[in-house]
Amino acid sequence: MSPRTAGQAGPPRAPAQGVVEVGVLVLVPEPLAGRVRDLRAQVRDPRGAVIPPHVTLVPPTRIGVRVLDDVVEHLREVASARAPFDLRLRGTRTFQPVTDVVYLAVAGGGSHCDRLQSALRQGPLAVDLRFPYHPHVTLAHDVPEACLDHARASMADVDETFRVTEFVLFAHAPEAPWEVVRTFTLDG
């Protein structure tokens, strides 16, 4: 299953008084995104097929459908006040023993991600984090140890820099796939 990305038709289908889950992401560009997708499939990480490779800015957050327009306006305001920046991904790390996650490390641009996520997690997206913010690209999550080791070794040579010019709001209603709601260009 993959997120629906056709157009920006608005919020996912949900009852008028329902709840949706939203997340705000910086998408990893090709060809690196393809390498990450292939690896996550190899290690049988079920989350890898649900959402594209990314750096999380706002983790999955439940909001009322009626608040979604406020969220979109808030994200538009934040994006209009922020300039594009370079993000460097280099090598692999793990969050073990806290969680069974192997990830690509952010070696440059992390402070930009931190300031951006802090601004985004205000107003209608004010949410406490379960763990301190740590920008990264997940390679394997909750898979057997041998798969974590494979993920760590397979991507240890990564050293890529790309320009972050936008972030994406994803959302989904209960039991529905993640969908792109809107893309926001950094033009501050």
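Figured I'd write up the structure that's included with this text. All values derive from a computational prediction rather than experimental measurement. (Residues numbered from 1 in each chain as written. Predicted model: local features only at pLDDT ≥ 70, side-chain atom pairs only at ≥ 80, totals over all residues. Heavy atoms only, no water.)

**Details of the packing of helix α2 (residues 68-80) against helix α3 (residues 110-120)**
Thought 1: Put simply, α2 and α3 touch, their axes get as near as 10 Å, and they point 145° apart. In terms of crossing hand, the pair formed by α2 and α3 is right-handed. Contact residues: α2 offers H74, L75 and V78, while α3 offers L116, A119 and L120.
Thought 2: Along the lines of polarity and charge, the residues of the contact of α2 with α3 split into 5 nonpolar, 1 polar and no charged. (Axes fitted to C-alpha atoms, helices over the stretch in contact; angles between N-to-C directions. Helix = DSSP H or I, 4+ residues; strand = E, 2+ residues; numbered from the N terminus. Left-handed = near helix turned anticlockwise from the far one by under 90°. Contact = heavy atoms within 4.5 Å. Nonpolar A, V, L, I, M, F, W, Y, C, P; charged D, E, K, R; others polar.)

**Observations regarding the side chain of R121**
Thought 1: Topologically, R121 is positioned in the loop between α3 and β5 (136-141).
Thought 2: With no salt bridge to any partner, buried R121 finds its closest opposite charge in D128, at an N-O distance of 5.6 Å.
Thought 3: A polar atom in the side chain of R121 sits 2.6 Å from the side chain of Q117.
Thought 4: Setting aside chain neighbours within four positions, we find R121 in contact with L57, V58, P59, A126, V127 and L129. (Buried < 20%, exposed > 50% of the residue type's maximum accessible area, 1.4 Å probe, protein only. Lys, Arg positive; Asp, Glu negative; His and termini not counted. Salt bridge = Lys/Arg side-chain N within 4 Å of Asp/Glu carboxyl O. Polar contact = N/O pair within 3.5 Å; in protein donor to acceptor, adjacent residues only side chain to side chain.)

**Let's talk about the nonpolar core**
Thought 1: If you look at the biggest cluster of nonpolar residues, it comprises 50 residues, and the most contacted ones within it are V24, L57, L75, L104, L120, F167 and L169.
Thought 2: It is α2 that contributes the most residues to this core, 6 residues altogether.
Thought 3: Once residues within four sequence positions are removed from consideration, V24 is found in contact with V55, T56, L57, V58, L75, L120, L125, F167, V168 and L169.
Thought 4: I51, V168, W178 and V180 belong to the second largest nonpolar core, which has 6 residues in total. (Core = buried A, V, L, I, M, F, W, Y, C linked by side-chain atoms within 4.5 Å.)

Function-wise, these values are silent; they only describe arrangement.
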